[in-house]
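Results of the structural survey
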Amino acid sequence: MSETFILEARALRKYFPTGASKMLQRPTDLVRAVDDVSFGLRRGSTLAIVGESGCGKTTLGRLLARLIEPTAGSVVLDGVDLTAASARELLELRRDIQLVFQDPYACLNPRHSIGQSIGTPIRIQKTLDKAAEKARVRELMELVGLNPEHYNRFPHEFSGGQRQRAGIARALALQPKVIIADEPVSALDVSIQSQILNLMEDLQTSLGLSYVFVAHDLSVVRHIADEVAVMYLGKIVEIGDPESVYRRTAHPYTKALLSAVPVADPRRAAGRQRIVLTGDVPSPVNPPSGCRFRTRCPKAAERCAAEEPVLSARSGDQPSGHRVACHFPE
Amino acid sequence: MIFFVLRRSIFGILLLLIISAFTFWIFSALPSDPAALTCGKNCRPEVIEANRERLGYDKPLIEQYGSYMKGIFTGRTYGEEGAAVHCPAPSLGYSYDRHECVTSLIASTLPVTASIALGAFVLWMAIGVGLGTLAALKRGKWQDRVATAFSVIGVSLPTFFLGLIFIMVFVIWTGILPFPRYVGLTDNPFEWFMALILPWLVLAIISAATYVRMTRNGILEVMNEEFVRLGLAKGLPRRRLIVRYVLRAALVPIVTIAGLDFAFLLGGALVTESIFNMPGLGKLTLAAVVNSDLPILVATTMVAAVFIVVANTVVDILYGYLDPRVRVK
Amino acid sequence: MTLLSVQDLHVTFGTADGAVRAVQGVSFDVEPGETVAIVGESGSGKSVTANSLLRLNFGADVRIDGRILLEGRDILAMDETQIRSVRGREVAMIFQDPLTALNPFYTVGHQIAEAFAIHHPGTPKRELRKIALESLNKVGIPEPSKRIDQYPHEFSGGMRQRIVIAIALVNSPKLLIADEPTTALDVTVQAQILELIAQMQAEHGSAVILITHDLGVVAEITERVMVMYAGRVVESASVADTFLTPTHPYTRGLLKSVKSLDAGRHERLESIPGIPPSLINLPSGCPFHPRCAYAESLGGRCETETPALHLVGSSRSACHLPDERLLGLLGGGV
Ligand SMILES: Nc1ncnc2c1ncn2[C@@H]1O[C@H](COP(=O)(O)OP(=O)(O)OP(=O)(O)O)[C@@H](O)[C@H]1O
Ligand code: SF4
Ligand code: SF4
Ligand SMILES: [Mg+2]
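Rules used throughout
- Residues numbered from 1 in each chain as written.
- Chains lettered and ligands numbered in written order.
- Predicted model: local features only at pLDDT ≥ 70, side-chain atom pairs only at ≥ 80, totals over all residues.
- Heavy atoms only, no water.
- Helix = DSSP H or I, 4+ residues; strand = E, 2+ residues; numbered from the N terminus.
- Areas by Shrake-Rupley, 256 points an atom, 1.4 Å probe, with all protein chains shown as cover.
- Lys, Arg positive; Asp, Glu negative; His and termini not counted.
- Charge placed at Lys NZ, Arg CZ, Asp CG, Glu CD.
- Contact = heavy atoms within 4.5 Å.
- Buried area = accessible area lost by both parts, 1.4 Å probe.
- Salt bridge = Lys/Arg side-chain N within 4 Å of Asp/Glu carboxyl O.
- Polar contact = N/O pair within 3.5 Å; in protein donor to acceptor, adjacent residues only side chain to side chain.
- Nonpolar A, V, L, I, M, F, W, Y, C, P; charged D, E, K, R; others polar.
- Buried < 20%, exposed > 50% of the residue type's maximum accessible area, 1.4 Å probe, protein only.
- Domains from an automatic or database assignment.
- Core = buried A, V, L, I, M, F, W, Y, C linked by side-chain atoms within 4.5 Å.
- Pairing = 2+ DSSP bridges.
- Axes fitted to C-alpha atoms, helices over the stretch in contact; angles between N-to-C directions.
- Parallel < 35°, antiparallel > 145°, perpendicular 65-115°, else oblique.
- Near = heavy atom within 4 Å.
- Phe/Tyr/Trp six-rings, centres within 6.5 Å; stacked < 30°, edge-to-face > 60°.
- Lys NZ or Arg CZ within 6 Å of the ring centre and 35° of its normal.
- Disulfide = S-S within 2.5 Å.

Looking now at the overall build of chain B. Looking only at helices and strands, chain B has 13 helices and 4 strands in total. Each of the three principal axes of chain B carries a C-alpha extent, and together these read 80 × 60 × 35 Å. Counting every atom, chain B has about 16700 Å² of accessible surface; 69% of that belongs to carbon and sulfur. Counting 28 positive and 21 negative side-chain charges, chain B places the averaged centre of each group 18 Å from the other.

Our next topic: the interface of chain C and chain A. Residue-level contacts link 45 residues of chain C with 50 residues of chain A. Per-residue buried area on chain C facing chain A is highest for K259, L261 and R265 of chain C; these three make up 19% of the total on that side. Connecting chain C to chain A are 1 salt bridge. A salt bridge links R268 of chain C to D202 of chain A, with the shortest nitrogen-to-oxygen separation between them at 3.0 Å. One can count 11 residue pairs in polar contact (both at pLDDT 80 or more) joining chain C with chain A. Among the elements that take part in the side of chain C that touches chain A, helix α8 (residues 187–204) of chain C stands out by supplying 7 residues, more than any other. Partitioning the side of chain C that touches chain A into residue classes produces 19 nonpolar, 14 polar and 12 charged.

This part covers the side chain of R87 of chain C. Within the element layout of this structure, R87 of chain C appears in the loop between α2 (80–86) and β6 (91–94). No salt bridge is formed by the buried R87 of chain C, whose closest oppositely charged neighbour, E80 of chain C, lies at an N-O distance of 4.0 Å. In this structure the side chain of R87 of chain C is engaged in a polar contact, spanning 3.0 Å, whose partner is the backbone oxygen of L54 of chain C. Non-local contacts of R87 of chain C, meaning those with residues more than four positions away in its chain, are made with L232, A233, K234 and G235 of chain B together with L54, R55, L56, E80 and H119 of chain C.

We now examine the domain arrangement of chain C. How big an interface is tends to be expressed through the accessible area that disappears when the partners come together. Residues and elements named next belong to chain C. Here the domain parsing of chain C yields domain 1 (4–222) and domain 2 (229–256 + 270–327). For domain 1 versus domain 2, the distance between C-alpha centres works out to 29 Å. Facing 19 residues of domain 1, the contacting portion of domain 2 comprises 15 residues. Contact with domain 2 buries surface across domain 1, with Q24, E41 and L215 losing the most and accounting together for 39% of the total. One can count 1 salt bridge joining domain 1 with domain 2. The partner of R291 in a salt bridge is E41, with the nearest N and O atoms 3.5 Å apart. Taken together, domain 1 and domain 2 are joined by 5 residue pairs in polar contact (both at pLDDT 80 or more). Looking at the side of domain 1 that touches domain 2, the elements that each hand over two or more residues are β2 (18–30), β3 (35–40) and α9 (215–221). When residues of the side of domain 1 that touches domain 2 are assigned to their parent elements, the largest contribution, 8 residues, is made by β2. When the residues that make up the side of domain 1 that touches domain 2 are grouped by side-chain class, the tally is 9 nonpolar, 7 polar and 3 charged.

Attention now goes to the environment of L326 of chain C. All names here are of chain C. In this structure, L326 sits in helix α13 (residues 323–327). Measuring from C-alpha to C-alpha, the distance between L326 and V312 comes to 7.7 Å, with 14 residues separating the pair along the chain. With near-sequence residues (within four places) excluded, L326 lies in contact with P246, T247, H248, P249, V312, S317, C319 and L321.

Here we come to the nonpolar core. L4, I163, I165, L175 and I209 of chain C are the most contacted members of the largest nonpolar core, which has 125 residues in total. Sequence-distant contacts of I209 of chain C, that is, excluding residues within four places in its chain, are made with L4, F28, V30, V36, I38, L53, L175, L176, I177 and A178 of chain C. Listed in part, the 96 residues of the second largest apolar core include L12, A85, I118 and V214 of chain A.

Let us look at the domain arrangement of chain B. All names here are of chain B. What the domain assignment reports for chain B is domain 1 (2–101) and domain 2 (103–326). Taking only C-alpha atoms into account, the centre of domain 1 sits 33 Å from that of domain 2. Each partner contributes residues to the interface: domain 1 has 28 residues there, and domain 2 has 26 residues. Counting the surface lost from both domain 1 and domain 2, the interface buries some 2300 Å², and carbon and sulfur atoms represent 70% of this. Together, R8, F27 and L92 form the three largest contributors to the area buried by domain 1 at its contact with domain 2, with a combined 24%.

On to the sheet that holds strand β4 (residues 62–70) of chain C. All names here are of chain C. Taken together, 4 strands build an open sheet; the order of strands is β2-β1-β4-β5 and the sheet is antiparallel. Only two strands of the sheet have a single partner each, and these edge strands are β2 and β5 (73–74). Alignment of strand β1 (residues 4–15) against β4, held across 8 bridges, turns out to be antiparallel. Bridge pairing links S5 to L69 in β4. Packed onto the sheet, helix α1 (residues 46–53) meets β1, β2 and β4 and runs at close to 115 degrees relative to β1.

Before going further, it helps to spend a moment on the packing of helix α9 (residues 226–234) of chain B against helix α10 (residues 238–266) of chain B. All names here are of chain B. Two elements in contact, α9 and α10, have axes separated by 10 Å at closest approach and are oriented at 175 degrees. By the angle between their directions, the pair α9 and α10 is classed as roughly antiparallel. Only L241, Y245, V246 and A249 of α10 make contact with α9, whose side of the interface consists of F227, V228, G231, L232 and K234. Grouping the amino acids of the contact of α9 with α10 by side-chain chemistry returns 7 nonpolar, 1 polar and 1 charged.

All names here are of chain C. Along the polypeptide, Q161 turns up in helix α7 (residues 157–169). Sequence separation between Q161 and S297 is 136 residues, and the spatial gap between their C-alpha atoms is 47 Å. In this view, Q161 contacts I94, F95, Q96, P98, P181, L185 and I193; residues no more than four positions away in its chain are not counted.

Another aspect to go through is the site of ligand 2. C291, C297, C304, C326 and H327 of chain A are the nearest of the 13 residues found near ligand 2. When the residues that make up the shell around ligand 2 are grouped by side-chain class, the tally is 9 nonpolar, 2 polar and 2 charged.

This part is about the packing of aromatic side chains. Summed over all chains, the structure comprises 15 aromatic pairs over all chains. Measuring from centroid to centroid gives 5.1 Å for Y253 of chain A and F293 of chain A, while their planes differ by 65 degrees, and the two rings are edge-to-face. Of this pair, Y253 of chain A sits in helix α9 (residues 252–260) while F293 of chain A sits in the loop between α10 (266–271) and α11 (302–306), and the two are 40 residues apart along the sequence. For the pair Y253 of chain A and F293 of chain A, one class covers both residues: buried. Residues F121 of chain B and W124 of chain B carry aromatic rings whose centres are separated by 5.3 Å and whose planes lie at 80 degrees to one another, so their mutual orientation is edge-to-face. Pair noted here: F121 of chain B and W124 of chain B are both in helix α5 (residues 102–137), with a separation of 3 residues, about one helical turn. By way of ring pairs, the aromatic residues F121, W124, Y211 and F262 of chain B are connected into one cluster. In this structure, R222 of chain A is placed above the aromatic ring of Y246 of chain A, and the distance from its NZ or CZ to the ring centre is 4.7 Å. Of note, R147 of chain C hangs over the ring of F155 of chain C, and the distance from its end group to the ring centre comes to 4.3 Å.

Residues and elements named next belong to chain B. As enumerated under the stated definition, the model contains 1 disulfide over all chains in all. Paired through a disulfide, C87 and C101 show a sulfur-sulfur distance of 1.9 Å. Since a negative S-S torsion denotes a left-handed disulfide, the C87-C101 link at about -90 degrees is left-handed. Of this pair, C87 sits in strand β2 (residues 85–87) while C101 sits in strand β4 (residues 100–101); the two residues are 14 residues apart in sequence, bridging distant segments of the chain. With a relative accessible area of 1%, C87 lands in the buried category.

This brings us to the pairing of strand β4 (residues 72–77) of chain A. All names here are of chain A. As defined by bridge partners, strand β1 (residues 5–17) adjoins β4 across 5 bridges and the pair is classed as antiparallel. Note that in β4 the partner of R13 across the bridge is A72. Note that β4 and strand β5 (residues 80–81) share 2 bridges and pair antiparallel. Its bridge partner lying in β5, L77 is registered against V80. Counted between consecutive antiparallel strands, the loop separating β4 from β5 contains 2 residues, among which D78 sits at a positive phi close to 50 degrees.

On to the sheet that holds strand β2 (residues 30–42) of chain A. All names here are of chain A. Pairing in this open sheet of 4 strands is antiparallel, and the strands run β2-β1-β4-β5 from one edge to the other. For this open sheet the edge positions go to β2 and β5, each flanked by a neighbour on one side alone. Sheet topology places β1 next to β2; 10 bridges connect them, and they run antiparallel. Bridge pairing in β2 links L12 to V37. The sheet strands contacting helix α1 (residues 57–64) are β1, β2 and β4, and the helix crosses β1 at an angle near 120 degrees.

Right under this line is the structure:
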């Protein structure tokens, strides 16, 4: 197993209590942000996790990086169980798995120069001395397409795209094996998005990186993913090779997501049949019984309310291939 | 809403209990021995012991706290036989230093502090919010600059310094005002007013400085909110937009901070009362500190805590009323 | 009669760092009932243009020049009372962020009713409530009679955007300006809102100016497209022309950067190099020249001479390249 997978999630769960801080309120309400999620990330490949806001994709990313503690389940990095590691071991293992955020400001201290910010992980982990750190940061800046002469400039002097490059450089500082990128291009302009996506692809090839790429948009993912997982209310509802997930879509939710993506082609836009879902995503505090998608699913039947569908291979597919959680897949 | 008020009130009462116990504990843990303080400098140890017993300081802390709390509701008799003094409920202790019930000491000083606090509060809110609003609406113009200068100077002025300057200018040099000497409102309203003008002004100017800045920044921030732009796009007249959209949103947080500041002031305006020789809670506390008069200190601390907790509760409830987002369904 | 005619609009902000020339010489017309899109990257001046149409640049140190004619009346020359009767009645607006666009202190019913009452003073309370109820119903809020007395924070983002739309349409405006109405929403909710806007437009016969950075949204619901770059319109054409024969290198770059569901695995995206210019220190000549792959082929002309919008085929383009090259942009390489 650990031969092929660099990173594995095994039955991960994260429940957040709500209202516990308010006096005299029942602390029993739980937000099931991530609820029994398992997958494996193949070495040197990209797994994309797609879903709408509140589906738990950001929480999942944070669990994988061990920024937060899972309620249950485990994360296995290169054969080592992160959830069982001691604090000392964890510090070391953290080098191998780094995060890139949607808002690069999240990891760039506005009062530090961009060079200092990029070098922060090196200073925390004390892997290099001062001079070597500076040299390494310059190297990293070059690598991500920033001018190393801008070492002493401050984050606000850079554009959004450049700040995201700095965020990537910082993530690369400790030569990680895995990068978790949480919507790294969502806040950027279209033309800049392409620059960053291309940069990430180049880095993957040259450094042999593996990515978990969190996104809300299936079209961005198309260009970068080797495997795609669609999440709804804390669960993976469909996962598989993008070729298969996009062309032979099995889950009604994935179908709706795909059809909701606006197509930048007026000829096709006109003739396209669109599935417009009704309503909003229900609250993850009290998700619907049975299949969580049933309140918005055009195919929902009685069985969907009674019985929760399990993620299983599509007929004709291998157990590790294209899997879907639906009683009535297409 | 009723549930919310109820919950907040219960919470407030609990908090007060905890604070009172904590205050009690802190003061008992102080190195100074309250029993020793009851009998002059060259006291014999036996007398101290006897006094300790008489005053109940030999009992376990819990028991002392218990009788203290009971005293608040039933009144309490201190000492025995001929030397016994009865303080009726609510009894907050007996000061052996002053030979007076603490409650009556507080009852005589509180109106002074309340007079100072109330007037200063009204004045500072008027100046602070008024000037702040003006500055925001005339942003970049001279009004704004004057207001900003006022707030910068006000923030950096120490209270005693401003107080002394005012005394110099208004009392000593020009003689416009008499030297402040507190007179009860019911005794002579005019003299009451004249005596309080200076303390009010000093406190108001110092506090208003912060409020000018808070109001100005709050308003400017709200003006950039999208909902204000939507209000404008609807066709709302400017006046209505500013009152119902901008001010409403900008003032809610300010009102709540002001409530707490006011309560804090009610606990005693130490410096101001000292400078203007006002016999208020602040001066009482200060004197108690100097004389290590523990019963008074415990009581004034508790009174201040009550004000702050009550204000906190009121402000929370008010906030829930003013801002629907914090209302609990 | 042309509904809206914007002529040579210039908007400049005074800031501590210098004058920000957010919009420079923008001109366009909108016919009654038409849907026009304004597309461009962040900072290209889309929102500033939109806000200027109703003079909403509230509280900023701003200078607006040019003419904005609404059925012949110049909005920029109107006094406070006149402009107020246009706002919300003849021209209404929808903003990007539904989470902050509603006043948190008043119920949604109140806010819809207020939008109507401003322009119909003296309407009885009962009537207003009925109107608010109907509006909520029309924009698809379930259980409107219960929801009418709730506050904005009790609604989801998609619902709030529906309420903002209800407010905008309560007076059946002639023109609806939608500034990135779906950018902050999830894709499935975006689809709902776009459909609602189209449906409401059909019902009220309003013209729509849709501002977006998403070319996909443009292709779905509009008829005409204006592409803005650094405060200028660089191309103006029908939707079909924009997508099939773009006549400006920037438009071409935008189209090539669009991510497609049909892309092959790891298919490389074309991207526009560099970043949009600072509006305080604009490049000389064509503002796009530091990022334009075609500039070199024109000698130094792009650096010195600002191209004006002119007819190329059936589109209008602001580029110095000869027509035949512009018309073949999408096919040929650089
Ligand atoms: N009040 C203001 N003061 C100073 N500059 C401003 C002001 N409002 C807008 N600007 C500037 O005008 C330029 C154009 O802004 P605008 O908001 O129109 O861009 P946009 O095309 O709508 O971008 P986005 O896609 O980010 O919404 C920006 O550089 C912006 O910083
Ligand atoms: S299980 Fe039922 S409700 Fe769920 S997605 Fe499948 S058909 Fe829809
Ligand atoms: S004018 Fe020159 S720089 Fe500008 S778009 Fe055309 S070719 Fe490029
Ligand atoms: Mg904008």
